[in-house]
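# Observations on the three-dimensional arrangement
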Amino acid sequence: MHTALTFVLLCLATSMFAQVPSTSVDALDAFYHASSKAGFNPNDHLLSTARCQVVTYTEDGSTKAISFTPQAYAVQIDTLTKLFEVDQQPVVILSRYYGHLATAYLSLYTRLVDRQNGDTLRLRSIQSVQMIEQNGWKIASLVIQNEVDAYPFSEELWPRELSADLTLGVGSSPQIDAAPAPTTDEDYDPNKVYNVDQLQVAPEYPGDPALFTSLLSSFEVTMDDSLEGSPFTVVIEEDGFARIGYVGDLSGAEIERAESFVQSMLIWYPGVHDDASVKTKLIFYLL
Amino acid sequence: MKLRPFIALLFFGLLASVSFGQSSFDNPSEVITSFYRAMEQDDLATRSTELKALFLEDGTIHSIVQKSSLTSSPKGGSVTDFLQGSGSFYRANTMSYDEIERSIDYYVDIATVHSLVFQTIVERGNTSVAYEQMLWFSFTMVFENDRWFLTNVSWVNAFEDEDIDDAMRLDTLWHPTKD
């Protein structure tokens, strides 16, 4: 009887401790998990004096930080989780701590699935968190900056090893919904340059598609083969850098224009084959 | 005639700029330097003006007085709360800050700054009594209206059990993530 009672008390104690994250990183994980679900209780994760600031942009491009109290932030989470299935996952956490103060500067992957039509939006953000231990680790400050198209994340915060499987953008884009390429038993060849139709995930230019369209038009380049332009190829390397490939019958001036076009590109999200980043060949046409 | 409002605005802008020590706060480091200068101000009105100029309207300050690895007294609130709560301490003491080390992480319009400082507190009634300690400050900022604003500042003092230099040591944690 005594042994059974001890066992029950021990189980109860264990389950109580299991609910209190022991480190600031555990607490951060618990926060992102809880704030992805309905019924988020801010008092479990945020100090009463905490503020959550979200960087937003007005139509003229100027910055406006919107501030939320813990209760107001919980209302935002509640609204979001009613409209979407939410999944938030830290990717890289740059953490510092001393005593009862801890900070985290992290990249976060967020997936929102529309509950009505199933459309999926995948996006990433940088978040800066300060945490204080006061009856468990709690957030004193949270600042959120969603990705800005013109400024891709650094390799430090979005390493290929962790993010190769993470697609971005709206779910209806062909890059995300493309069916996986049939797997073959061929040996991996690091020098092989793949065509897009051989890939699981096609290379994707970062940011707003309008940015890529603008780049094409400013160099009078197209990917439309029906316009009878002069073809040349661009290879997107495994690390996302672009280099010019075959230049065919282009004149010296046209080669210069093609090279300038490639040098003006941001770093791509590389193509993926067999769950690994690979070199991919893209065909462009000078008009 | 149409130029008058513009000229008036220009003068107002110039005066405002001069009154805040000609700081434009267009880089995070300038905000940090100004923060420590504001914290050294003896006069409450000056301290209040200078500190509030650095923060967004809803900015917060959290401080932790840590006696050992287990015991601490965290306090937090608005900038006004901090000014009111620290008033009696400032009346009894003067403070100075000497920054030792600083590191900055930033992405587009947010920045996080970590700073180690040496704080000296001298009693006003007896200037031969001085206290010295190291502190770790962590600042978060956002860029709005062409300048950086503080959104929150937190700090903790050094205590015997642990070397405060550890605060500046970065742990990079890779998280297993899936779509």
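Scroll up a little and you will see the structure.
Rules used throughout
Residues numbered from 1 in each chain as written. Chains lettered and ligands numbered in written order. Predicted model: local features only at pLDDT ≥ 70, side-chain atom pairs only at ≥ 80, totals over all residues. Heavy atoms only, no water. Pairing = 2+ DSSP bridges. Helix = DSSP H or I, 4+ residues; strand = E, 2+ residues; numbered from the N terminus. Axes fitted to C-alpha atoms, helices over the stretch in contact; angles between N-to-C directions. Contact = heavy atoms within 4.5 Å. 1 Å grid on protein atoms, 1.4 Å probe; cavity = no way out; pocket = protein on both sides within 12 Å on 5 of 7 lines; lining within 4 Å. Points joined across faces, edges and corners; volume = space filled by probe spheres on them. Domains from an automatic or database assignment. Nonpolar A, V, L, I, M, F, W, Y, C, P; charged D, E, K, R; others polar. Phe/Tyr/Trp six-rings, centres within 6.5 Å; stacked < 30°, edge-to-face > 60°. Buried < 20%, exposed > 50% of the residue type's maximum accessible area, 1.4 Å probe, protein only. Lys NZ or Arg CZ within 6 Å of the ring centre and 35° of its normal. Polar contact = N/O pair within 3.5 Å; in protein donor to acceptor, adjacent residues only side chain to side chain. Buried area = accessible area lost by both parts, 1.4 Å probe. Salt bridge = Lys/Arg side-chain N within 4 Å of Asp/Glu carboxyl O.

### Section: the sheet that holds strand S3 (residues 93-107) of chain B
All names here are of chain B. Strand order across the open sheet formed by six strands is S2-S1-S6-S5-S4-S3, with mixed pairing between neighbours. Of all strands in the sheet, those bounded by a partner on one side alone are strand S2 (72-78) and S3. Strand-to-strand, the axes of this sheet are offset by a mean angle of 20 degrees, without reference to chain direction. Direction of pairing for strand S1 (residues 55-66) relative to S2: antiparallel, over a ladder of seven bridges. Opposite Ile64, over in S2, you have Pro74 as the bridge partner. Against the sheet, helix H2 (residues 28-39) contacts S1, S3, strand S4 (110-123), strand S5 (130-144) and strand S6 (147-157), and its axis sits at roughly 165 degrees relative to S3.

### Some points on the layout of surface pockets
Estimates place the volume of the largest pocket at around 1,300 Å³. As for the largest pocket, its lining consists of 47 residues, of which Leu121, Arg122, Leu123, Arg124 and Gly169 of chain A are closest to the centre. Counting contributing residues, the lining of the largest pocket receives three or more from each of domain 1 (22-163) and domain 2 (193-286) of chain A. Here the second largest pocket is characterised by a volume of approximately 620 Å³. Counting only elements with at least two residues in the lining of the second largest pocket, the list comes to S1, S2, helix H4 (79-92), S3, S4, S5 and S6 of chain B. Of the residues belonging to the lining of the second largest pocket, the class tally is 13 nonpolar, ten polar and three charged.

### As for the packing of aromatic side chains
All names here are of chain A. Inspection of the entire model under this criterion finds 27 aromatic pairs over all chains. Ring plane angle 65 degrees and centroid distance 5.9 Å describe the contact between Phe219 and Phe261, whose orientation is recorded as edge-to-face. You can see Phe219 sitting in the loop between helix H6 (209-218) and strand S9 (221-222) and its partner Phe261 sitting in helix H7 (residues 252-263), a full 42 residues away along the chain. Here Phe219 and Phe261 have matching classes, each one buried. Ring pairs connect the aromatic residues Tyr205, Phe212, Phe219, Phe232, Phe261, Trp268 and Phe284, which therefore count as one cluster. Over the ring of Trp158 we find Arg124, and its NZ or CZ is 4.7 Å from the ring centre.

### Here we look at the side chain of Ser141 of chain A
On the secondary structure map, Ser141 of chain A appears in strand S6 (residues 137-146). Aside from chain neighbours lying at most four places away, what touches Ser141 of chain A is Arg51, Ser128, Val129 and Gln130 of chain A together with Thr140, Thr151 and Asn152 of chain B.

### Thoughts on unusual backbone geometry
All names here are of chain B. If you check the backbone angles, Phe25 has positive phi at about 55 degrees while not being a glycine. Mapping Phe25 onto the fold places it in the loop between helix H1 (3-19) and H2. Phi is positive for Asn145, close to 50 degrees, though the residue is something other than glycine. Within the fold, Asn145 resides in the loop between S5 and S6.

### Remarks on the side chain of Ser34 of chain B
Residue and element names in this part refer to chain B. Of note, Ser34 is situated in helix H2. At a separation of 2.9 Å, a polar atom in the side chain of Ser34 contacts the main-chain carbonyl oxygen of Glu30. Residue contacts for Ser34: discarding those within four places in its chain leaves Ser23, Phe25 and Leu54.

### Digging into the interface of chain B and chain A
Contacts between the two partners involve 55 residues from chain B, matched on the other side by 54 residues from chain A. Together, the buried faces of chain B and chain A total about 4,600 Å²; carbon and sulfur atoms form 57% of this surface. The largest share of the area that chain B buries against chain A comes from Tyr107, His175 and Asp179 of chain B, three residues that together contribute 17% of it. For Lys64 of chain A, the salt bridge goes to Glu144 of chain B, with nearest N and O atoms at 3.9 Å. Inspection of the region where chain B meets chain A yields 28 residue pairs in polar contact (both at pLDDT 80 or more). Residues that form the side of chain B that touches chain A fall into these classes: 24 nonpolar, 20 polar and eleven charged. As defined by bridge partners, strand S3 (residues 84-98) of chain A adjoins strand S7 (residues 171-174) of chain B across four bridges and the pair is classed as antiparallel.

### Let's talk about the environment of Glu101 of chain B
Residues and elements named next belong to chain B. Looking at the secondary structure, you find Glu101 in strand S3. Look at Glu101 and you get partly exposed, because its relative accessible area is 38%. For the pair Glu101 and Ser115, spaced 14 residues apart in the sequence, the C-alpha separation amounts to 5.6 Å. With residues near it in sequence (within four places) discarded, Glu101 still touches His114, Ser115, Leu116 and Met168.

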